[in-house]
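One letter stands for each residue in the lines below.
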Amino acid sequence: ETGVTQTPRHLVMGMTNKKSLKCEQHLGHNAMYWYKQSAKKPLELMFVYNFKEQTENNSVPSRFSPECPNSSHLFLHLHTLQPEDSALYLCASRISGGGDTGELFFGEGSRLTVL
Amino acid sequence: SQKIEQNSEALNIQEGKTATLTCNYTNYSPAYLQWYRQDPGRGPVFLLLIRENEKEKRKERLKVTFDTTLKQSLFHITASQPADSATYLCALGSSASKIIFGSGTRLSIRP
């Protein structure tokens, strides 16, 4: 148990559906991340939020829409996805700022399958 | 473009031996480097961090080296055990936010 909770753990959706992934942390961290992990590929950084402000968008297609209403919660809204978007989506949090080398605390991931 | 290579996709060694994993990077000047462990179906778990001005770090049976001239980090597990079998990821950080990962090395320790 890392203190970062992701729901749902598994999601199957059609290409025309709209769904959301949720991430929650109560570790007092101020930065939250979305990564995508596909088979045999490195973790791909998608989005970073620091103090609820988006500080990184790694050229992610607009069919992925993040939302960070507060420092404890992060969402990834999904719409009109493609089969190649099927992957494990990992949320992570850390303490950011002040000589910043803080480790990432990851959730267990949401396994997404797009049909 | 920035690139991180963990040059062995898989590594198999005998229990009790030292496992050595390699992480190389190009077009990047990291302020620090981290190593994570990932078990199947789980999120990565942080193991060790080493800063750009440090040469070596140790934690129990783990040792990490960092050579910014060679742009390389070595990760060692001494007296390896079957429970050490997992995928090990290296990650580089430079800015306050951005942390990028290699594709990992799947380590198997046979009894």
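This write-up is about the structure you can find in this document. (Residues numbered from 1 in each chain as written. Chains lettered and ligands numbered in written order. Predicted model: local features only at pLDDT ≥ 70, side-chain atom pairs only at ≥ 80, totals over all residues. Heavy atoms only, no water.)

### Digging into the interface of chain B and chain A
Heads up, the rule is: For this analysis, residues touch if any pair of their heavy atoms sits within 4.5 Å. Defined in terms of a 1.4 Å probe, buried area is the accessible area two parts forfeit on being brought together, summed over both. Counted as salt bridges are all cases of a side-chain nitrogen of Lys or Arg within 4 Å of a carboxyl oxygen of Asp or Glu. Whenever two N or O atoms come within 3.5 Å, that pair is a polar contact, provided that in protein one can donate a hydrogen and the other can accept it, and provided that, for residues adjacent in sequence, both atoms are side-chain atoms. Helix numbering and strand numbering both begin at the N terminus, where a helix is a DSSP run of H or I of at least 4 residues and a strand a DSSP run of E of at least 2.
On the chain A side, the residues contacting the 21 residues of chain B number 26 residues. Carbon and sulfur atoms supply 51% of the area that chain B and chain A bury against each other, a total of about 1,800 Å² over both sides. When residues of chain B are sorted by the area they lose upon contact with chain A, Ser97, Ile99 and Phe101 of chain B head the list and together hold 26% of the total. The partner of Glu108 of chain A in a salt bridge is Arg42 of chain B, and the shortest N-O contact between them spans 2.7 Å. Taken together, chain B and chain A are joined by 6 residue pairs in polar contact (both at pLDDT 80 or more). If you list the elements that add at least two residues to the side of chain B that touches chain A, you get strand E4 (32-38), strand E5 (45-51) and strand E10 (99-101) of chain B. Looking at which element gives the most residues to the side of chain B that touches chain A, the answer is E4 of chain B, with 4 residues.

### Some details on the state of the cysteines
Residue and element names in this part refer to chain A. Put simply, the test is: By definition, disulfides here are pairs of cysteine sulfur atoms that lie within 2.5 Å.
Here the structure, examined in full by the defined rule, presents 2 disulfides over all chains. What pairs with Cys23 in a disulfide is Cys91, and their sulfur atoms sit 1.9 Å apart. Judged by the torsion about the S-S bond (-75 degrees), the Cys23/Cys91 disulfide is left-handed. Separated by 68 residues along the polypeptide, Cys23 in strand E3 (residues 18-25) and Cys91 in strand E9 (residues 87-94) bring together distant segments of the chain. Of all cysteine sulfurs, the one in Cys91 lies closest to Cys68, which takes part in no disulfide; the gap is 9.0 Å.

### A word on the sheet that holds strand E8 (residues 73-79) of chain A
In a beta sheet, neighbouring strands pair by backbone hydrogen bonds and run either parallel or antiparallel. All names here are of chain A. Note the following rule: For two strands to pair, DSSP has to find at least two bridges joining them. Axis lines are fitted through C-alpha atoms, for helices just across the contact stretch, and the angle between N-to-C directions can take any value from 0 to 180 degrees.
Read from one edge to the other, the open sheet built from 4 strands follows the order E1-E3-E8-E7, with strand pairing classed as antiparallel. The open sheet is flanked by strand E1 (4-7) and strand E7 (64-70), the only strands paired with a single partner. Strand-to-strand, the axes of this sheet are offset by a mean angle of 15 degrees, without reference to chain direction.

### Focus: the pattern of salt bridges
Residues and elements named next belong to chain B. Convention followed: Each residue's exposure class comes from its accessible area (1.4 Å probe, protein chains only) as a fraction of the maximum for that residue type: buried when under 20%, exposed when over 50%, partly exposed otherwise.
Summed over all chains, the structure comprises 9 salt bridges over all chains. A salt bridge links Lys57 to Glu54; the shortest N-O distance between them is 3.6 Å. By relative accessible area, which is 25% here, Lys57 ends up partly exposed. On the basis of relative accessibility, which here comes to 21%, the residue Glu54 falls in the partly exposed class.

### Considering the side chain of Asn24 of chain B
Secondary-structure assignment places Asn24 of chain B in strand E3 (residues 19-26). One polar contact links Asn24 of chain B to Gln72 of chain B, side chain to side chain, over a distance of 2.9 Å.

Functional significance is not addressed by these values, which are geometric in nature.
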